Amino acid sequence: AQKVTQAQTEISVVEKEDVTLDCVYETRDTTYYLFWYKQPPSGELVFLIRRNSFDEQNEISGRYSWNFQKSTSSFNFTITASQVVDSAVYFCALRSWAGTASKLTFGTGTRLQVTL
Amino acid sequence: DTEVTQTPKHLVMGMTNKKSLKCEQHMGHRAMYWYKQKAKKPPELMFVYSYEKLSINESVPSRFSPECPNSSLLNLHLHALQPEDSALYLCASSQDFMRPQETQYFGPGTRLLVL
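Since this is a predicted model, take the numbers as computed values, not measurements. In this convention, every chain numbers its residues from 1, walking through the sequence in written order. Here chains are named by letter from A upward and ligands by number from 1 upward, in the order in which they appear as written. In view of the model being predicted, local features appear only for residues whose pLDDT reaches at least 70, and side-chain atom pairs are presented and counted only at 80 or more, with totals across whole chains, interfaces and linings using the full set of residues. With hydrogens and water set aside, each side-chain value is computed from the structure's full complement of heavy atoms.

Participant: Give me a nonpolar patch on the surface: which residues, what numbers.
Facilitator: Taken together, the side chains of V12(B), L113(B) and L115(B) present a nonpolar region at the surface, about 290 Å² in accessible area. Only runs of H or I of at least four residues qualify as helices and only runs of E of at least two qualify as strands under DSSP, and these elements are numbered from the N terminus. Residue position: V12(B) is located in strand β2 (residues 10-13). Each patch is built from residues that are more than 30% exposed by relative accessible area and take part in no salt bridge. Like charges join if they lie within 9 Å; nonpolar side chains (Val, Leu, Ile, Met, Phe, Trp, Tyr) join within 5 Å. Computed by Shrake-Rupley with a 1.4 Å probe, the accessible areas treat only the displayed protein chains as cover when residues are assessed. By salt bridge we mean one thing: a side-chain nitrogen of Lys or Arg within 4 Å of a carboxyl oxygen of Asp or Glu.

Participant: Just give me the short version of the state of the cysteines, but keep the residues and values in it.
Facilitator: Put plainly, two cysteines are in a disulfide when a covalent bond ties their sulfur atoms together. The definition used for a disulfide is geometric: two cysteine sulfur atoms within 2.5 Å. Here the structure, examined in full by the defined rule, presents two disulfides over all chains. The disulfide bridge from C23(A) ends at C92(A), spanning 2.0 Å between sulfur atoms. Since a negative S-S torsion denotes a left-handed disulfide, the C23(A)-C92(A) link at about -65° is left-handed. Residue C23(A) is located in the loop between β3 (19-21) and β4 (24-26), and its partner C92(A) is located in strand β10 (residues 88-96); the two are separated by 69 residues in the primary sequence. For the pair C23(A) and C92(A), a shared accessibility class is recorded, and that class is buried. Here C23(B) connects covalently by a disulfide to C91(B), the sulfurs 1.8 Å from one another. What sets the handedness of the C23(B) and C91(B) disulfide is the S-S torsion sign, and at about -75° it is left-handed. Remark: C91(B) occurs in strand β9 (residues 87-94) and C23(B) occurs in strand β3 (residues 18-25); sequence separation between them is 68 residues. Here C23(B) matches C91(B) in class, with each residue buried. We note that C68(B) lacks a disulfide partner, and the nearest cysteine sulfur, in C91(B), lies 9.3 Å from it. Note on exposure labels: buried denotes an accessible area under 20% of the residue type's maximum, exposed denotes more than 50%, and partly exposed covers the range between, all computed with a 1.4 Å probe on protein chains only.

Participant: Describe the pattern of salt bridges, listing the residues and the values that go with them.
Facilitator: All names here are of chain A. Following the criterion strictly, the structure yields eight salt bridges over all chains and no others. Across the salt bridge formed by R51 and D55, the nearest N and O atoms sit 2.7 Å from each other. A relative accessible area of 5% means that R51 is categorised as buried.

Participant: Account for the sheet that holds β3(B), naming residues and giving values.
Facilitator: Residues and elements named next belong to chain B. If you trace the four strands from one edge of the open sheet to the other, you get β1-β3-β8-β7, paired in antiparallel fashion. Looking at strand neighbours, the two that pair on one side only are β1 (4-7) and β7 (64-70), the edges of this open sheet. Strand-to-strand twist across the sheet, computed as the mean angle between neighbouring axes with direction ignored, equals 20°. One requirement defines pairing of two strands: DSSP has to find at least two bridges between them. In terms of strand pairing, β3 meets strand β8 (residues 73-79) through seven bridges, oriented antiparallel. Paired with K22 across the two strands is N75, which belongs to β8. Note on geometry: axes are lines fitted to C-alpha atoms, helical ones only across the stretch in contact, with angles between N-to-C directions running from 0 to 180 degrees.

Below, the structure is given as structure tokens:
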């Protein structure tokens, strides 16, 4: 079985603050893939990043950065200098090489509110 | 171009109505998905089509009937729905369902209200 935990239900920050969204996962597989999606109020899930279990290199994309640590089974997401447009629900998800019927397992999401 | 389109954006229907949700992608993907999302919850998988064949049905009630007319189109036919079926219905596609590394790209969703 696989599981994704996003312990932070809601986070509120003031614009320009840095914010980190936590994601902890569980899987018995050695090969797996982690994803982050953003869901603004409009509803569409926007793909942000994919990381495989063999690549622990951290990644930076503009104001976004991701810290993948296999030792703690975490894949945290940091937004630097947050902006109002970052307000959304962010989902961490996991899919593993667990047979032909493996599904994308989502965490419960973290709602980020960025205010002026 | 990573775009999945869905129509309609909003739908209100009575419990005796029959309606359909439509999804289209032009990325050449061979896997298409229907998800249901209730408020403040993550998406829940309903159906998976792989190479135009139904691969997964997550024990969805028969009042939801999926259809994949071709590799670019996915429909969800609705009949005799219940108020608890009100939700955001998301369509997604990926290159190949059997490859877990393939990213699923989502459409904007259809907000369904059943009265």
